[in-house]
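Summary of structural features
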Amino acid sequence: MASTNPPLTQADGYGILITLGTIFAMGMVVTTICQRRYKGEAKNSSETFTTADRKVKTKLIASAVVSSWTWAATLLHSSSVAYSYGVSSPFWYASGATVQIILFCIIAIELKRRAPFAHTFLEVVNARYGQAGHLVFIVFCLCTNILVTSALLTGGAAVVHYLSGIHIVAACFLLPLGTIIYTMVGGIKATFLTDYVHTMIVLIIILIFSFATYIASPLVGSPSKVYDLLVNASRIHPVEGNTQGSYLTMRSAEGAIFFIVNLIGNFGTVFVDNGYYNKAIAASPVSALPGYILGGIAWSTVPFLCSTTMGLTAIALESNPSFLTYPDRMSSDDVSAGLTLPLAAVALLRKTGAILTSAMSAQLIAVSSIVSYDVYRTYVNRAATGKKLILVSHISVITFGIVMNAWSVGLYYIEISMGYLYMMMGVIISSAVIPGALTILWNRQSKWAVCLSPLIGFLCVMIAWLVTTKVQYGSINIKTSASNFSMLVGNLVALFSPILFVHVISLIKPDPILYDFASIRAITLVDDGLENIRNSTFEETERGITILTKNFKFARILAFVITICLTVIWPWPMYGSSYICSKSFFTTWVVCGIVWMLFSFSVVGIYPLVENHRVIMTV
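What counts and what doesn't
- Residues numbered from 1 in each chain as written.
- Predicted model: local features only at pLDDT ≥ 70, side-chain atom pairs only at ≥ 80, totals over all residues.
- Heavy atoms only, no water.
- Helix = DSSP H or I, 4+ residues; strand = E, 2+ residues; numbered from the N terminus.
- Buried < 20%, exposed > 50% of the residue type's maximum accessible area, 1.4 Å probe, protein only.
- Contact = heavy atoms within 4.5 Å.
- Salt bridge = Lys/Arg side-chain N within 4 Å of Asp/Glu carboxyl O.
- Core = buried A, V, L, I, M, F, W, Y, C linked by side-chain atoms within 4.5 Å.
- Polar contact = N/O pair within 3.5 Å; in protein donor to acceptor, adjacent residues only side chain to side chain.
- Patch = residues over 30% accessible without salt bridge, like charges linked within 9 Å, V, L, I, M, F, W, Y side chains within 5 Å.
- Areas by Shrake-Rupley, 256 points an atom, 1.4 Å probe, with all protein chains shown as cover.
- Expected span 1.5 Å × (residues − 1).
- Arc of directions from axis to C-beta.
- Axes fitted to C-alpha atoms, helices over the stretch in contact; angles between N-to-C directions.
- Parallel < 35°, antiparallel > 145°, perpendicular 65-115°, else oblique.
- pLDDT = per-residue confidence, 0-100.
- Phe/Tyr/Trp six-rings, centres within 6.5 Å; stacked < 30°, edge-to-face > 60°.
- Left-handed = near helix turned anticlockwise from the far one by under 90°.
- Nonpolar A, V, L, I, M, F, W, Y, C, P; charged D, E, K, R; others polar.

Description of the overall build of the protein chain
Helices and strands together make up the secondary structure of the protein chain, namely 27 helices and 0 strands. Residue burial in the protein chain is summarised as follows: out of 619 residues, 62% are buried. Considering only contacts in the protein chain between residues 6 or more positions apart, those separated by 24 or more positions represent 85%.

Next comes the structure, spelled out in structure tokens:
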């Protein structure tokens, strides 16, 4: 539902969508043309289109990770969770969605070592398990891309619709238009470059919001003033399950449940998303480890500072006439739709605050590579040339974009919000996490196990999720099935039940020969007739595999140490202490978030300009 008094006109809304889409599309089309003309990049090379010739460097990988993981939920849903549960939620969201990126570096390294010339994760599944396992994971990977893109479009379209009043159908169809164009023309290289630009824009906007809230705004203007307003809000409408009902405590029962749901669900949206494998494949062999570690650490500040700023600002200012819902609080539907951030932004900066960015490109290239390599090349035309695969990729990008536009409109009209989709993702896809990871990591997982465990796990999830909802509420509908406890049960069963199924099935029905990873190592480059690209790729890959092998043990130790720190050592002692932040502690908390963001800005904003200066100069 649009605001009764939107801060933007419909002309503003259409202008923002069309202008931003056009700028991004034209910029990346020109970049692609320049690279082909002045750098000699192959126009008809499917290797270049899908893998960027496997030469993307560390900081650009980190920037792409930050951008890909900074989708609608990162900015919108994290702010809504902070609005609901208080100061603990920014940390719960950030830590609960950072460790997947950190741990994924282990998968990325093993993928580069054991299948150095793979084009997609699904190609690896097919090489190891054949058609049955391949089809199972095609379904789960496409479901992941559909769910993530649905959340992007429903969240983004709801915000633009609310702030400007433009029709929801128009918003759904215009949001991804520019992205479809530049992804179709430039492939994964275009998504890396737009990831960089998008990341810069997002970080700058968050810093603007932070400085406006904690320094410049006449409505708040300092951490001290925000703290006082939060204390007052805690007295007026205390938070159930929080220590003394305070918004300023880490001890939040519902916040802790959200943390577990967030943690488990995001394993699915990373480990079953072909887009993250695409980035690992596109990375230079020596860049996979530092790229994902650096990207994960840098990304964590995005939801932390964004929700600490905008979620808490919404609490602080909703009793102020500048807030669009005044004198009422936000409805639960508005919170679930992700309107906390835009409402806070409008209260702070009025018309200037109504800015929205989108990160859909990674999902488009992920789907195009699945369709071209894992459907067309595997089941339609095994002898497909690079030129033919690019054509199929173009068609799949356009088709997926149009289908998702229509799908998102339908979700809006049946009242499926971004918040519901976000919480449900783990329920739908996380039963494929363990079997998928073990495809690359464990040589004893059998073909029967990889085919059956995700499906049996999904069946168990549906039973657990819906039965819990029925027992708890007496009925099953969108509202009751979205409860934190129902989602918690569903996510727990989704992630952990396949651990049992994989081992039991592998024991009962093992493969006849212990797997040696030779079949996935035998995956070759597509013959595009470009020997210079093939030879340089072979040489660099061989050097990189040697380095990756030496660093693998260090990578595992580093990833697990960071994970334990973020999920156990840091948050739970604070939760157990029931500490309510003092004004000085809250001020320090905010300042640390801003400093952390400035560090991330330098890492993924400034350094890639130096490290990838040839690419940027071409742009």
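What about the pattern of salt bridges?
In total, this model carries 4 salt bridges according to the counting rule given. Between Arg114 and Glu110 there is a salt bridge; the shortest N-O distance is 3.2 Å. Of the two residues, Arg114 and Glu110 both sit in helix α5 (residues 88-114), 4 residues apart, roughly one turn of that helix. Each member of the pair Arg114 and Glu110 is classed as buried. Here Lys583 makes a salt bridge to Asp228, at a shortest N to O gap of 3.0 Å. A residue pair is termed long-range when its members are at least 10 positions apart, and Lys583 in helix α26 (residues 583-611) and Asp228 in helix α10 (residues 223-236) qualify at 355 residues. The exposure class of Lys583 is partly exposed, given its relative accessible area of 31%. One salt-bridge network, held together by shared partners, links Glu110, Arg113 and Arg114.

Here we look at the nonpolar core
Counting residues in each nonpolar core, the largest one holds 151 residues, and the members touching the most others are Phe104, Phe271, Tyr292 and Phe586. By residue number, the principal contributor to this core is α5, which donates 16 residues. In this structure Phe104 touches Val270, Phe271, Tyr276, Tyr277, Ala280 and Tyr292, once residues within four positions along its chain are discounted. Counting 12 residues, the second largest nonpolar core, distinct from the first, contains Leu17, Leu153, Ala171 and Met404.

Remarks on the side chain of Glu110
Accessibility expressed as a relative area gives 2% for Glu110, which makes it buried. In this structure the side chain of Glu110 is engaged in a polar contact, spanning 2.6 Å, whose partner is the side chain of Arg113. Apart from residues no more than four positions distant in its own chain, Glu110 is found in contact with Ala115, Ile440, Leu441 and Phe552.

A word on a nonpolar patch on the surface
Nonpolar side chains collect at one region of the surface, where Leu459, Ile463, Val467 and Val471 lie side by side and expose about 410 Å² of accessible area between them. Structurally, the position occupied by Val467 is in helix α20 (residues 447-473). Here Val467 falls in the partly exposed class, since its relative accessible area comes to 46%.

Some points on α10
Think of an α-helix as turning once every 3.6 residues; residues three or four places apart then point the same way. Between the first and last C-alpha of α10 there are 20 Å, a value that for 14 residues agrees with the 20 Å anticipated at 1.5 Å per step. Those residues of α10 lying buried are Pro223, Val226, Tyr227, Leu230, Ala233 and Ser234. The buried side chains of α10 occupy one side of the element, clustering within an arc of 125° when seen end-on. Opposite its buried face, α10 presents the exposed residues Arg235 and Ile236, each directed more than 90 degrees away.

Considerations on the packing of helix α13 (residues 288-317) against helix α15 (residues 340-349)
Running from N to C, α13 and α15 cross one another at 70°; their axes reach a closest spacing of 9 Å. Looking at the two axes, α13 sits roughly perpendicular to α15. Residues Cys306, Met310, Gly311, Thr313, Ala314 and Leu317 of α13 form the contact with α15, whose own contacting residues are Thr340, Leu341, Ala344, Ala345, Ala347 and Leu348.

Describing the confidence of the model for the protein chain
In the predicted model, the protein chain carries a mean pLDDT of 80, and 78% of its residues have values of at least 70. Below a pLDDT of 50 lies the segment residues 356-374, which in the model reaches 92 contacts outside its immediate sequence neighbourhood of four places, other chains included. Scored below 50 in pLDDT, residues 612-619 shows 13 contacts in the model against residues more than four places distant or in partner chains.

As for unusual backbone geometry
Omega for the bond connecting Tyr326 with Pro327 falls within 30 degrees of zero, at 10°, which places this linkage in the cis form. Examined against the element boundaries, Pro327 turns out to sit in the loop between α13 and α14 (332-336). The phi dihedral of Glu415 falls on the positive side, at around 65°, and the residue is not glycine. Topologically, Glu415 is positioned in the loop between α17 (386-413) and α18 (418-429).

As for the packing of aromatic side chains
One pass over the full model with this rule turns up 23 aromatic pairs. Geometrically, the ring pair formed by Phe121 and Phe137 is edge-to-face, given 6.0 Å between the ring centres and 80° between the ring planes. Separated by 16 residues along the polypeptide, Phe121 in helix α6 (residues 121-129) and Phe137 in helix α7 (residues 131-164) bring together distant segments of the chain. Ring centres of Trp572 and Tyr575 lie 5.2 Å apart, and the angle between their planes is 70°; on these two criteria the pair is classed as edge-to-face. Taken together, the residues span about one helical turn, with Trp572 and Tyr575 both in helix α25 (residues 571-577) at a distance of 3 residues. In textbook terms, an aromatic cluster arises when at least three aromatic residues are bridged by ring pairs, as seen for Phe104, Phe121, Phe137, Phe267, Phe271, Tyr276, Tyr277 and Tyr292.

Section: α5
Between the first and last C-alpha of α5 there are 40 Å, a value that for 27 residues agrees with the 39 Å anticipated at 1.5 Å per step. For α5, a buried count of 27 out of 27 residues is recorded, marking the element as mostly surrounded by other parts of the structure.

Observations regarding the environment of Cys141
Mapped onto the fold, Cys141 is located in helix α7. With 288 residues separating them in the primary sequence, Cys141 and Ile429 have C-alpha atoms 8.2 Å apart.

As for the side chain of Gln100
With respect to the helices, strands and loops of the structure, Gln100 is situated in helix α5. Under the relative-accessibility criterion, Gln100 is labelled buried at 0%. Apart from the residues lying within four places of it in its own chain, the contact partners of Gln100 are Asn262, Leu263, Asn266, Phe267, Val270 and Phe271.

Here we look at the packing of α7 against α20
Orientation of α7 relative to α20, taken along the N-to-C sense of each, is 35°, at an axis distance of 8 Å. The handedness of the crossing between α7 and α20 is left-handed. Facing Ala132, Gly133, Val136, Phe137 and Phe140 of α7, the residues of α20 in contact are Lys447, Val450, Cys451, Pro454, Leu455 and Phe458. Broken down by class, the residue content of the contact of α7 with α20 amounts to 9 nonpolar, 1 polar and 1 charged.

Considering the environment of Pro176
Inspection of the secondary structure puts Pro176 in the loop between α8 (168-174) and α9 (177-216). Assessed through its relative accessible area of 0%, Pro176 is described here as buried.

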